[in-house]
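Remarks on the overall topology
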Amino acid sequence: MLFHSLNKLLKVVARSRRQISQKPLGLTGLSEAYVGGESAKGKRPKEPGENKIKPLNKKVKPKIPKLKEKESTDSSSKSQSIMTQVMDKGRFQKPAATLSLSAGQNIELRCKGNNIRWSYPSYLDTFKDSRLSIKQLDRYGQLILVNSTAADTGEYSCWLQLCHGDNCKKDESKTGSTYIFFTDKGELFVPTPNYFEIVYLHPDKPSVIPCRITIPSAKVTLHREFPAEEIKTDGTNVIYDMKRGFIYQHPTSDHKGVVYCRAESQGAPQISIKYQLLYVEVPSGPPSTTIMASSSQAEGGDNVNILCTVLGEPDIEVKFSWMYPGQESERPVTIQDSWRLINRGIGHTTRISRSVIVIEDFETSDAGNYVCVAQNSRGQTTVATSVELA
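Figured I'd write up the structure that's included with this text. (Residues numbered from 1 in each chain as written. Predicted model: local features only at pLDDT ≥ 70, side-chain atom pairs only at ≥ 80, totals over all residues. Heavy atoms only, no water.)

Observations concerning the overall build of the protein chain
Helix and strand content of the protein chain: 4 helices and 26 strands. For the protein chain, the proportion of contacts with a sequence separation of at least 24, taken over those separated by at least 6, is 68%. When the accessible area of the protein chain is evaluated, it comes to approximately 26,200 Å², of which 52% is carbon and sulfur surface. (Helix = DSSP H or I, 4+ residues; strand = E, 2+ residues; numbered from the N terminus. Contact = heavy atoms within 4.5 Å. Areas by Shrake-Rupley, 256 points an atom, 1.4 Å probe, with all protein chains shown as cover.)

Next up, the structure:
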């Protein structure tokens, strides 16, 4: 009986082993069943949708990098106006870029700083007008204009002057300005002391016909006297600026002649003074200079003249200087400078400037090089010639 029970127990153990071997592999068995990424035989097939990664519905707010505030490139933000306008009852305000005041009104402007300089219509200085008062106080500069007239129309500006010893310069960050129209229905154009003006037309820069107005709303046109016609403004070649006048952007010889301006503002039209437009042939630049001696050889006792000549723009002044053989020994010579305008065709004007050096009783010490230096606002030119003793 014992043998029979033992045999029965062995059969139960064998059957259990067979059942275990037929069960699905566990995690450990599954990892061992993969070789080179391929699944072993007997792997359970995946159900549809099994092992797929489901997207999250959670909204994520994107992070936006914090940007630094961009510095303004506007020059006005870098330099604030130091100018204020004194109003009635002790009030103050920053003046606008343009102001319109009735002729006869008084105005007071102040600019903050202990060393203030002013700019205003130049004729107020020319005639030393007592209506204008400028003072420097401890903390500000003051400009007062009383009994204003249409002729006072123009730009009023101030700036702080920085000085270190005798060296002074304008502080570009401490400035202020305003353009003031002193309106007068009887004077639509800003009055001038002249009844006729010459305007030079330069081929290489804009030319301005300065018929400025006192009432910003006035309608202004430009007219040619002969042949009688209106000159149209096209915004490109001919433009109008109420603070400056009519501007020829690219002057040519066709623009020469006599012109005038016509203005109208709620009443009868008014005519400006006349302007003679002269075309300048000589381009802008350093002096165009020539030099010539009365003779390249001179005998003892002769009188010798050396002439230095410049052809230039009508409104550009020329200054001359000389270097000559007897200069160090203070040899007596005579130097004379002169200039005049010459017309080279109708409406074509050139300025001829001359300097002549005269050597009397020519002698051995006078022989050598004579050098003329001509200078204008755009540069200088040096020319030379020699005179020998015959």
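Right, picking up where we left off after that structure.
Side note on the state of the cysteines
Taken as a whole, this structure holds 4 disulfides when the rule is applied. One disulfide bridge connects Cys111 with Cys158, the sulfur atoms lying 1.9 Å from each other. Its torsion about the S-S bond being -85 degrees, the disulfide of Cys111 and Cys158 is classed as left-handed. Of this pair, Cys111 sits in strand β4 (residues 107–112) while Cys158 sits in strand β8 (residues 154–164), and the two are 47 residues apart along the sequence. In this pair, the class of Cys111 matches that of Cys158, namely buried. (Disulfide = S-S within 2.5 Å. Buried < 20%, exposed > 50% of the residue type's maximum accessible area, 1.4 Å probe, protein only.)

Structural notes on the environment of Thr334
Within the fold, Thr334 resides in strand β23 (residues 334–343). A relative accessible area of 37% means that Thr334 is categorised as partly exposed. Linking Thr334 and Asn305, residues 29 residues apart in sequence, is a C-alpha distance of 9.5 Å. Excluding its chain neighbours within four sequence positions, the residues that come into contact with Thr334 are Val356, Ile357 and Val358.

Focus: the sheet that holds strand β15 (residues 245–248)
In space, the 3 strands of this open sheet follow the order β11-β15-β14, with antiparallel pairing throughout. The two strands at the open ends of the sheet, each matched to only one other strand, are β11 (207–209) and β14 (238–241). If you compare each strand with its neighbour and ignore which way they point, the axes differ by 25 degrees on average. Sheet topology places β14 next to β15; 4 bridges connect them, and they run antiparallel. If you follow Ile239 over to β15, its bridge partner there is Ile247. (Pairing = 2+ DSSP bridges. Axes fitted to C-alpha atoms, helices over the stretch in contact; angles between N-to-C directions.)

Structural notes on the nonpolar core
Among the nonpolar cores identified, the biggest contains 22 residues, and Ile209, Leu222, Tyr248, Cys261, Tyr275 and Leu277 are the most heavily contacted of them. At the level of secondary structure, the elements contributing two or more residues to this core comprise β10 (196–201), β12 (219–224), β15, β16 (257–264) and β18 (274–280). If we ignore the near neighbours within four places in the chain, the residues touching Cys261 are Phe189, Ile209, Cys211, Val220, Thr221, Leu222, Phe246, Gln270, Ile271 and Ser272. (Core = buried A, V, L, I, M, F, W, Y, C linked by side-chain atoms within 4.5 Å.)

Some points on the packing of aromatic side chains
Overall, the coordinates contain 2 aromatic pairs when judged by the stated rule. Taking 4.5 Å as the distance between ring centres and 50 degrees as the angle between the ring planes, the aromatic pair formed by Tyr240 and Phe246 counts as tilted. Given a relative accessible area of 27%, Tyr240 falls into the partly exposed group. The cationic tip of Lys170 hangs over the ring face of Trp159; the distance from NZ or CZ to the ring centre is 5.0 Å. In this structure, Arg351 is placed above the aromatic ring of Trp339, and the distance from its NZ or CZ to the ring centre is 3.7 Å. (Phe/Tyr/Trp six-rings, centres within 6.5 Å; stacked < 30°, edge-to-face > 60°. Lys NZ or Arg CZ within 6 Å of the ring centre and 35° of its normal.)

Observations regarding a nonpolar patch on the surface
A cluster of nonpolar side chains, namely Tyr195, Phe196 and Ile198, defines an oily patch on the protein surface of about 390 Å² accessible area. Within the fold, Phe196 resides in strand β10. (Patch = residues over 30% accessible without salt bridge, like charges linked within 9 Å, V, L, I, M, F, W, Y side chains within 5 Å. Salt bridge = Lys/Arg side-chain N within 4 Å of Asp/Glu carboxyl O.)

Quick word on unusual backbone geometry
Note the cis peptide between Phe226 and Pro227, where omega equals -5 degrees. Positionally, Pro227 belongs in the loop between β12 and β13 (229–231). Although it is not a glycine, Glu330 adopts a positive phi angle of roughly 55 degrees. The topology assignment puts Glu330 in the loop between β22 (319–323) and β23. For Asp361, which is not a glycine, the phi torsion comes out positive at approximately 55 degrees.

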